[in-house]
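# Architecture and fold: a report
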Amino acid sequence: MKQFLSAHDVFDIDALVATGLAYKADRFRDKGLGAGRRIGLLFLNPSLRTRLSTQVAAQHLGMEAIVFNVGAEGWALEFADGAVMNGSTVEHVKDAAPILGQYFDILALRTFPSLQDRAADYSERTLNAFVRYSGIPVVSLESATLHPLQSLTDVLTITETFKEQRKPRVVLTWAPHVKPLPQCVANSFAQWMTAWGAADFVVTHPEGYALKEEFITGATLTSSQDEALEGADYVYVKNWSAYEDYGKMPPASGNWMLTLDKLKATNNAGVMHCLPVRRNVELSDEVLDSPHSLVTQQAANRVWAAQAVLSEILKQA
Ligand SMILES: NCCC[C@H](NC(=O)CCC(=O)O)C(=O)O
Ligand SMILES: NC(=O)OP(=O)(O)O
């Protein structure tokens, strides 16, 4: 693997999941693989799980990890070609990224969307600038439109928990929130479910919250959450803001927050969420604190997903 920006960078998802699960069984099985190599983790936005699990994964491979909260502590970066930098930006990515390429062997980056300018966000301008100018393998730690390390973890978690000899029914349901959130986690989960092909995948959301077409091709779509939940093996809960009326929160009719009562229609479903979660807005306490909840196992699995990805890149580099 030469980079990890989306499901398209993965040749065989099941094989990558198997690598992650092998690390879960024996975390130090490749403890010398990253010796003498260094990963730089750059955060333009906050993180708990991604930041820590990727550092832990790097340590398991004998690799050094350096974290830089560039958004809070770095110079303000400019991304526009030909910019006359007489305003608030101090350093062009063209100048910064090649230096990072000299300091590190792998560069990992978190960058959220603006939710203001859809074309700029969906062009992945920030992530692609680091890919273009750093000259080293880049790993997405959640970008403007996708969150592949999360989705790999999600597939790994479904794989390790589903014991039946049939395809699981996996439902992605929209949930309420207090502010506009990126579409990344939902886009990415849908992209991975389709690329994986080992689940019956259903997406449900209120009117006005359709995801970009390319991510939901092949999914079953319904605006009825009740219908979606019928017989579900997994319910993936996530809020996202509108893609059409970009970054807005059109009013959603009905009650979209998942409850234990709603889960009665499922096949004793496991409930997933990438976290952080707004309790009793996106997901009720009664669900999060019930045996249905897989969220802690899911977040713990972030280490094994990151370790699988870093090991594949190290083997190629
Ligand atoms: N990395 C996991 C999710 C990150 C982000 N959530 C957030 O920004 C939550 C913020 C809040 O709840 O105020 C998202 O949905 O893409
Ligand atoms: N799920 C996830 O990516 O969490 P963080 O934002 O805390 O990294």
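For the structure, see preceding data.
We now turn to the structure provided with this report. (Residues numbered from 1 in each chain as written. Chains lettered and ligands numbered in written order. Predicted model: local features only at pLDDT ≥ 70, side-chain atom pairs only at ≥ 80, totals over all residues. Heavy atoms only, no water.)

Another point: the packing of helix H7 (residues 148-161) against helix H14 (residues 302-316). Relative to each other, H7 and H14 sit at 115 degrees, their axes nearing to 8 Å. Taken together, H7 and H14 sit at an angle that is classed as roughly perpendicular. Once H7 is placed against H14, the crossing between them reads as right-handed. Every residue of H14 that contacts H7 at Leu149, Gln150, Leu152, Thr153 and Leu156 is listed here: Arg302, Trp304, Ala305, Ala306 and Val309. Residues of the contact of H7 with H14, tallied by class, amount to 7 nonpolar, 2 polar and 1 charged. (Axes fitted to C-alpha atoms, helices over the stretch in contact; angles between N-to-C directions. Helix = DSSP H or I, 4+ residues; strand = E, 2+ residues; numbered from the N terminus. Parallel < 35°, antiparallel > 145°, perpendicular 65-115°, else oblique. Left-handed = near helix turned anticlockwise from the far one by under 90°. Contact = heavy atoms within 4.5 Å. Nonpolar A, V, L, I, M, F, W, Y, C, P; charged D, E, K, R; others polar.)

A word on the site of ligand 2. Lining the immediate environment of ligand 2, one finds Ser47, Leu48, Arg49, Thr50, Arg110, His147, Gln150, Cys274, Leu275 and Arg302. A distance of 2.8 Å separates a nitrogen atom of ligand 2 from a polar backbone atom of cysteine 274. Calculation on ligand 2 without its partners gives an accessible area of 250 Å², and the protein chains cover 95% of this total. Partitioning the shell around ligand 2 into residue classes produces 3 nonpolar, 4 polar and 3 charged. Counting contributing residues per domain, the shell around ligand 2 is built from domain 1 (7-146 + 301-316) and domain 2 (150-299), each supplying no fewer than three. (Near = heavy atom within 4 Å. Polar contact = N/O pair within 3.5 Å; in protein donor to acceptor, adjacent residues only side chain to side chain. Areas by Shrake-Rupley, 256 points an atom, 1.4 Å probe, with all protein chains shown as cover. Domains from an automatic or database assignment.)

Strand order in the open sheet formed by 5 strands is S9-S8-S7-S10-S11, and the pairing between neighbours is parallel. The open sheet is flanked by strand S9 (220-222) and strand S11 (270-272), the only strands paired with a single partner. Here the average twist between neighbouring strands, direction ignored, is 20 degrees. Judged from the 3 bridges that link them, strand S10 (residues 234-238) and S11 form a sheet pairing that is parallel. The residue bridging valine 235 from the neighbouring strand is valine 271, located in S11. Sitting on the sheet, H7 touches strand S7 (169-174), S10 and S11, and the angle it makes with S10 is about 155 degrees. Where helix H8 (residues 184-196) meets the sheet, it contacts S7, strand S8 (200-204) and S10, and its direction lies at approximately 165 degrees from that of S7. (Pairing = 2+ DSSP bridges.)

So, to be careful, I would describe these as geometric facts and stop short of saying anything about function.
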